[in-house]
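# Structural overview
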Amino acid sequence: MEYKKRLADQMLSDKLEAKGGVVIEGPKWCGKTTTALQVSKTIIRMDDPSKSMLYTQLLNIEPSRLLTGETPLLIDEWQIAPKLWDYVRHEIDTRGKEGQFILTGSAVPADTSEITHSGTGRFTWLMMRTMSLYESMESTGEVSLASLFDKPEQIYGTNRLDLEKLAYVTARGGWPHALDMKEKNALVQAYDYYDAVVKSDINRADGITKNPERVKALMKSLARNQGSQISNNAIKEDISFHDDDNLCTDTVSLYINALKQIYVIEDMPSWNPNLRSKTAIRTADTRYFVDPSIAIASLGLGPKDLLNDLNIFGFMFETLCIRDLRVYTDCLGGQVYHYRDKTGLECDAVIHLRNGHYGLVEIKLGGQQAILEGMKNLKKLADKIDDTKMLQPDFMMVLIGVGDYAYKNSDGIYIVPIGCLKN
């Protein structure tokens with residue numbers, strides 16, 4: 001299978017020039033190892049059954065020999081032998097060179113009890129996600145998120161995604177292995193991922209066996225509440241109705257933390273700007289799956305179900321947009337936040353860069369009325385920001401699913417189909 005270029009390729013290259021070791025993290029099946037293989041000169045697969053015993057012996061007897069070879073040296077599934085971390089760190093110190101090692105592994109975290117050093121100054125981390133629409137070549141990439149910070153007078157882009165195609169790519173998700181498959185097989189990949197989480201992966205996150213039916217109920221509740229700030233207690237109440245045993249909030253928290261550890265869900269932090277008037281800002285994180293296909297699989301749905309229920313489709317489309325915005329913003333060295341205050345005013349995404357510049361984004365599946373509503377929210381929030389204490393937004397954008405073109409309207413707001421956006 002031909003390798004499809006990832007936006008993480010350049011990020012990995014940059015990080016290898018800056019530190020002795022790069023640790024690639026992210027969801028299972030998102031392509032971490034495959035991306036690392038593109039630049040690695042030596043490869044050690046700790047889960048190779050034909051060599052695992054040899055690797056273990058070398059690690060116990062002569063660890064430096066295990067780490068020899070042309071660099072960058074990739075150690076895949078390094079968490080199988082957590083003590084490798086300290087040996088790699090020591091080797092980086094000894095060599096005094098950048099770009100020596102790449103560490104990848106499954107989403108299951110390593111046992112840190114065998115690690116004595118944090119790796120500060122020796123390692124840098126790269127978060128990989130499932131593929132954005134630009135990486136899967138389903139977005140034309142005619143509108144660059146980075147370019148919007150330069151406030152272009154006009155933007156141009158033609159959207160190739162109609163509603164039916166958009167429903168398919170949302171339900172299929174950004175799993176690299178699914179891209180070259182026929183539709184039926186491609187859609188199964190998210191269900192296989194969901195099954196693996198329920199049956200084994202969530203237990204491996206912290207070594208605690210969990211009730212599979214509760215895991216299913218929890219994931220279904222999270223899927224129904226995509227893009228909300230629902231509390232753990234509210235989730236408990238939501239799933240307790242179907243749970244015969246007494247379920248406590250601590251158990252819900254345990255399950256959710258396990259899902260976070262294996263990168264199944266990734267909540268979005270709240271944004272706290274300086275406002276002209278005192279307004280209480282909701283500080284709870286906003287709930288999202290790392291890929292919309294997991295939420296859709298949790299609910300037992302497919303593309304046709306989304307087309308038959310545009311309300312649910314809208315929630316799942318928002319998750320897809322957040323995924324893509326996170327991928328693109330990672331390339332810019334920024335972070336994606338969510339804003340909501342006590343008046344109910346909210347902004348779906350705030351793209352905030354390290355230099356203090358930021359853009360406001362409203363996400364709408366489509367329709368002129370929805371776009372007008374998004375524009376109204378953006379202008380209302382922008383008017384609240386105290387520009388004597390912080391910068392005004394560099395841009396405001398309504399990110400849509402259905403729409404023929406990308407353009408800048410008379411209010412100076414960019415209307416951009418997700419099928420035209422890139423980093």
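Predicted model, so just to flag it, every value in this text is computed and none were measured. Along each chain, the written sequence defines residue order, and numbers are assigned to residues from 1. Residues qualify for local features only when their pLDDT is at least 70, as the model is predicted, and side-chain atom pairs are given and counted only at 80 or more; totals for whole chains, interfaces and linings, by contrast, use all residues. Hydrogens and waters are ignored; side-chain quantities use all the structure's heavy atoms.

At least two bridges found by DSSP between two strands is the condition for calling them paired. Numbering of helices and strands runs from the N terminus, with a helix taken as a DSSP run of H or I at least four residues long and a strand as a DSSP run of E at least two residues long. Read across the open sheet, the 7 strands follow the order β7-β12-β13-β11-β10-β9-β8; overall the sheet is mixed. Unpaired on one side and paired on the other, β7 (157-158) and β8 (335-340) mark the two borders of the sheet. Where strand β10 (residues 358-366) and strand β11 (residues 395-402) come together, 7 bridges link them in parallel fashion. Pairing of Leu 360 across the sheet is with Met 396, part of β11. A contact between two residues is defined here by any heavy atoms of the two lying within 4.5 Å. Note on geometry: axes are C-alpha line fits, over the in-contact stretch for helices, and angles between N-to-C directions span 0 to 180 degrees. Relative to β10, helix α14 (residues 310-331) is tilted by about 150°, and along the sheet it contacts β8, β9 (346-352), β10 and β11.

A few words now on unusual backbone geometry. Going from Thr 71 to Pro 72, the amide bond is cis rather than trans, its omega being 0°. Its place among the elements puts Pro 72 in the loop between α4 (63-66) and β3 (73-76). Here Trp 29, not a glycine, exhibits a phi torsion of approximately 75°, which is positive. Examined against the element boundaries, Trp 29 turns out to sit in the loop between β1 (21-25) and α2 (32-37).

Taken together, the 5 bridges between β8 and β9 define a ladder with antiparallel strand orientation. Each bridged residue has a counterpart across the sheet, and for Tyr 337 the counterpart in β9 is Val 350. The hairpin turn running from β8 into β9, its antiparallel successor, is 5 residues long, and Gly 344 in that turn takes a positive phi close to 95°.

Moving on, we get to helix α11 (residues 249-261). Given a helix with a known number of residues, its expected span is that number minus one, times 1.5 Å. Here α11 spans 18 Å end to end across 13 residues, near enough to the 18 Å set by a 1.5 Å rise per residue. Listing the buried residues of α11 in full gives Thr 251, Val 252, Ser 253, Tyr 255, Ile 256, Ala 258 and Leu 259. Those residues of α11 hidden inside the fold are in contact with α8 (183-206), α9 (212-224) and α10 (232-240). After α11 finishes, the residue Tyr 263 shows a positive phi value of roughly 60°. A simple rule labels every residue: compare its accessible area, found with a 1.4 Å probe on the protein chains alone, to the largest value its type can have, and call it buried under 20%, exposed over 50%, or partly exposed in between.

Here we take up the sheet that holds strand β4 (residues 101-104). Spatial ordering of the open sheet is given by β2-β3-β4-β1-β5, a layout of 5 strands whose pairing is parallel. Looking at which strands have only one partner, the edges of the open sheet turn out to be β2 (42-45) and β5 (123-127). Mean inter-strand twist for the sheet, computed between neighbouring axes without regard to direction, equals 20°. Both β3 and β4 contribute to a ladder of 4 bridges, which runs parallel. Residue pairing across strands places Ile 75 opposite Leu 103, the latter belonging to β4. The strands touched by helix α5 (residues 84-95) are β1, β3, β4 and β5; relative to β4, the strand with the most contacts, the crossing angle is about 165°.

Next up on the list: the state of the cysteines. In this description, the term disulfide denotes a pair of cysteine sulfurs within 2.5 Å. Here the structure, examined in full by the defined rule, presents 0 disulfides. As a non-bridged cysteine, Cys 331 has Cys 30 as the owner of its nearest cysteine sulfur, 14 Å distant. Taking the relative accessible area as the measure of exposure, Cys 331 reaches 26% and is therefore partly exposed.

Right, let's get into the packing of α8 against α11. With their axes 8 Å apart at the nearest point, α8 and α11 run at an angle of 90° to one another. Compared by their axis directions, α8 and α11 come out roughly perpendicular. Here α8 contributes Val 197, Ile 202, Ala 205 and Asp 206 to the contact with α11, which in turn contributes Leu 254, Tyr 255, Ala 258, Leu 259 and Gln 261. Ten residues, namely Ala, Val, Leu, Ile, Met, Phe, Trp, Tyr, Cys and Pro, are considered nonpolar, four, namely Asp, Glu, Lys and Arg, are considered charged, and the remaining ones, Gly among them, are considered polar. Its residues assigned to classes, the contact of α8 with α11 comprises 7 nonpolar, 1 polar and 1 charged. Under this scheme an angle from 65 to 115 degrees is roughly perpendicular, one under 35 degrees roughly parallel, and one over 145 degrees roughly antiparallel; angles in between are oblique.

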